[in-house]
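Report on the structure
The chain contents come next:
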Amino acid sequence: MNAQSPIGFSYDPYARDVLENPLPYYRELLENHPGYYVDKYDMFVFTRFQDIIDVAGVTDDNTFVGSESTLPMPAAITHKNDGPPPFVSTNPMSPGIMLPSPEYEEMRLAHIKPLRPKAVAAIQDMVRDLVLARFQELLPRGKFEMMGEFCGLVSAAVTCHLFGIPRSEAQSVLDAVNALAVYSDDKVGVDTPGMYDQLKAHIIPAVERRRKAGADGEVPMVDGLINHRVKSDGRALTDDEIADQLVCSFVAATETPPKPTSQGLWTLWKNPDQLAEVRKDLDTNIPIVTEEILRLCITNQFAIRTAHKDVSVAGVDIKAGQRVLLGIYAGLRDPREFDDPEKFIWNRKINRVLTFGYGQHHCIGNNLARMQVRTMLREFLEHVQDFEFAMDEAVHAASYFHWGWIKLPVVINNYSI
Ligand code: HEM
């Protein structure tokens, strides 16, 4: 925070010192600056829990849309829109996160099937087996990196399952996603457009394979889009359009669940009294502690929308063309919603969360994410009786995409398998 704040307080979500540590800025925004305006991006920043609910809850008739991406690079939003920008193309169909209604919902429903609660429950044993297979190799080694060698490979194998990609490609899927979902100083941001171009190279062969196999519903994430006919004109989607709908899930399914899982275990290690409590009854306590971990140990920071209509919400008058930032990470630390919000309390009573966003863009993978985090936590605490983290080798990310540990080497002192 620069010398003259808080009097001269200023917040730029993409500024270096915010990337390094956004927490002091979030505290100041939560305390004194609801609906904070950032002239550089013509954007209102919402960090208070209820304000985020109110803004993200405006879901009717395309008031707020991801037209300029929900996670744009800073350079993409330094211009002021003169009124509502044009909606993105729906023929060809643009990436799902940017689409207006009704196409946004149409594309979402066409690939949601494997992420519904029943479908997720049906692959829980598969996830558990993936975890135990990793343990067979890793635990006897006595030391490994939590995200790159354990959680990340489990999640990447789940991504392969969802996309009909051979499990043998899990490592290259993980490497590709991790290489792109990072802050690049050269590009001054997380290169989301580049992420789409490069990851489609992994997804399009999967679509081609499913077409050849007849898209019989065996791989609903892809088959659903292959068999979909666009409501407005009855046409089928091309492989490229299908891949554009799937990149977000491909990235999120691979690199997101490993982060709260690893940060959650690190936080429990830092709170041995709470870890001991959790261990007393894993079946009962894992679902409980997972909610606090999903509140305090996720690394996602915010999401952005562009207004396509004038609207007054959360005490702010927003003009068409202006932008809003939904400060999810900050909202999960709002003292109006959570007592002692920055304190980890394993069995905290949690009525509602913003972990998976809110409203139209609410996380399509929340059921799968919860199941994966619970399963990895449970199996780790079941099979590892004593562990510690080699923090001198740990790496913390400075990014507006993910702020948190991206490398956490763990030492296994005592295990059973
Ligand atoms: C702990 C893990 C996860 C967290 C914390 C998380 C968080 C989020 C959040 C906060 C949003 C809302 C973004 C916005 O409002 O713009 C979101 C959307 C989304 N998530 Fe997740 N997610 C997780 C796991 C997953 C998984 C496993 C998948 C895929 C299978 C997934 C796929 C998506 C997709 C497709 C969207 C919609 C994006 C949009 O429509 O703009 N996520 N997620």
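Look up a bit, the structure's there.
The present account deals with the structure reproduced in this document. Sequence order as written defines the numbering, with residues in each chain counted from 1. Residues qualify for local features only when their pLDDT is at least 70, as the model is predicted, and side-chain atom pairs are given and counted only at 80 or more; totals for whole chains, interfaces and linings, by contrast, use all residues. Here the side-chain values reflect all heavy atoms present in the structure, with hydrogen atoms and water set aside.

On to the overall build of the chain. A run of DSSP states H or I qualifies as a helix once it reaches four residues; a run of E qualifies as a strand once it reaches two. Both are numbered from the N-terminal end. The number of helices and strands found in the chain is 16 helices and 14 strands. Each radius of gyration reported is based on C-alpha atoms, and the globular scaling rule is 2.2 Å times the count of residues to the power 0.38. For the chain, the C-alpha radius of gyration of 21 Å lies close to 22 Å, the compact-globule estimate for 417 residues. Projected onto the principal axes, the alpha-carbon positions of the chain cover approximately 65 × 60 × 40 Å. Burial here depends on accessible area, computed with a 1.4 Å probe over protein chains only, as a share of the maximum for the residue type. Under 20% is buried, over 50% is exposed, and the range in between is partly exposed. Among the 417 residues that make up the chain, the fraction classed as buried is 59%. In what follows, residue pairs with any heavy atoms lying within 4.5 Å of each other are defined as contacts. Partitioning the intrachain contacts of the chain with sequence separation of at least 6 by distance along the chain shows that 72% fall at a separation of at least 24. A total of about 16,900 Å² of accessible surface is found on the chain, and carbon and sulfur atoms cover 53% of it. Side chains of the chain give 42 positive and 56 negative charges; the mean places of these two sets differ by 3 Å. Where accessible areas are quoted, they stem from the Shrake-Rupley method and a 1.4 Å probe; at the residue level, only the protein chains shown are allowed to cover. We treat Lys and Arg as the positive residues and Asp and Glu as the negative residues; His and chain ends play no part in the count. A charge is said to be at NZ when it belongs to Lys, at CZ for Arg, at CG for Asp and at CD for Glu.

Pairing is mixed in the open sheet, where 5 strands are placed in the order β1-β2-β10-β7-β3. Looking at which strands have only one partner, the edges of the open sheet turn out to be β1 (36-38) and β3 (64-65). Of the strand pairs in this sheet, strand β2 (residues 43-46) and strand β10 (residues 323-326) are connected by 4 bridges, and their pairing is parallel. The residue bridging Phe44 from the neighbouring strand is Val324, located in β10. Against the sheet, helix α3 (residues 49-56) engages β2, β3 and β10, with an angle of about 130° to β10. When DSSP finds at least two bridges between two strands, those strands are taken to pair. Whenever a helix is involved, its axis is fitted only over the stretch in contact; in every case the axis is a line through C-alpha atoms, and angles between N-to-C directions fall within 0 to 180 degrees.

Geometrically, a packed helix pair is captured by the angle between its two axes and the distance between the axes. Between helix α13 (residues 272-279) and helix α14 (residues 282-296), the shortest axis-to-axis distance is 7 Å and the interhelical angle comes to 130°. In terms of orientation, α13 lies oblique with respect to α14. Facing α13, whose interface residues are Glu277, Val278 and Arg279, α14 presents Leu282, Asn285, Ile286 and Val289. Each residue gets one of three labels, nonpolar for Ala, Val, Leu, Ile, Met, Phe, Trp, Tyr, Cys and Pro, charged for Asp, Glu, Lys and Arg, and polar for the others, Gly among them. Its residues placed into classes, the contact of α13 with α14 shows 4 nonpolar, 1 polar and 2 charged. Roughly parallel refers to an angle under 35 degrees, roughly antiparallel to one over 145, roughly perpendicular to one between 65 and 115, and oblique to any angle outside these ranges.

Of all protein atoms, just one serves as a donor to the iron atom of the ligand, and that atom is Cys363 (SG), at 2.3 Å. Along the chain, the position of Cys363 falls in the loop between α15 (328-331) and α16 (366-383). Sites may look incomplete, because water is not among the atoms used; the donor set itself consists of N, O and S atoms within 2.8 Å of the metal (3.2 Å for Na, K and Ca).

Taking every second residue as pointing to the same face, both faces of β10 are buried, with Arg323 and Leu325 on one and Val324 and Leu326 on the other. In terms of strand pairing, strand β7 (residues 303-307) meets β10 through 4 bridges, oriented antiparallel. Residue Ala303 lies in a different strand from β10, and its bridge partner there is Leu326.

Below, the discussion takes up the pattern of salt bridges. Here, a salt bridge means any side-chain nitrogen of Lys or Arg that lies within 4 Å of a carboxyl oxygen of Asp or Glu. Under the defined criterion, the tally for this structure stands at 28 salt bridges. One network of salt bridges, with partners in common, ties together Arg134, Glu137, Arg141 and Glu149.

Turning our eyes to something else, we now look at the sheet that holds strand β11 (residues 384-389). Hydrogen bonding along the main chain pairs the strands of a sheet, whether they run parallel or antiparallel. Spatially, β4-β14-β11 is the arrangement adopted by the 3 strands of the open sheet, whose pairing is antiparallel. In this open sheet, the two edge strands, each paired with only one partner strand, are β4 (143-145) and β11. Adjacent strand axes in the sheet meet at a mean angle of 35° when their direction is disregarded. Two elements, β4 and strand β14 (residues 409-415), share 3 bridges in a ladder whose sense is antiparallel. Pairing of Glu145 across the sheet is with Pro409, part of β14.

Here the focus is the site of the ligand. A molecule or strand has a residue near it when one of that residue's heavy atoms lies within 4 Å. Within the structure, the ligand sits among 26 residues, and Tyr104, Thr256, Arg305, His361 and Cys363 are positioned closest to it. Tyr104 has a polar side-chain atom sitting 2.5 Å from an oxygen atom of the ligand. Under this definition, polar contacts are N or O atom pairs within 3.5 Å; protein pairs additionally need one hydrogen-donor-capable and one acceptor-capable atom, and for neighbouring residues in sequence, both atoms have to be side-chain atoms. One of the side-chain N or O atoms of Arg305 is found 2.6 Å from an oxygen atom in the ligand. Looking at the shell around the ligand, the elements that each hand over two or more residues are α4 (103-110), α11 (239-255) and β7. Its residues assigned to classes, the shell around the ligand shows 16 nonpolar, 8 polar and 2 charged.

Honestly, that's just the spatial picture; any functional story needs more than this.
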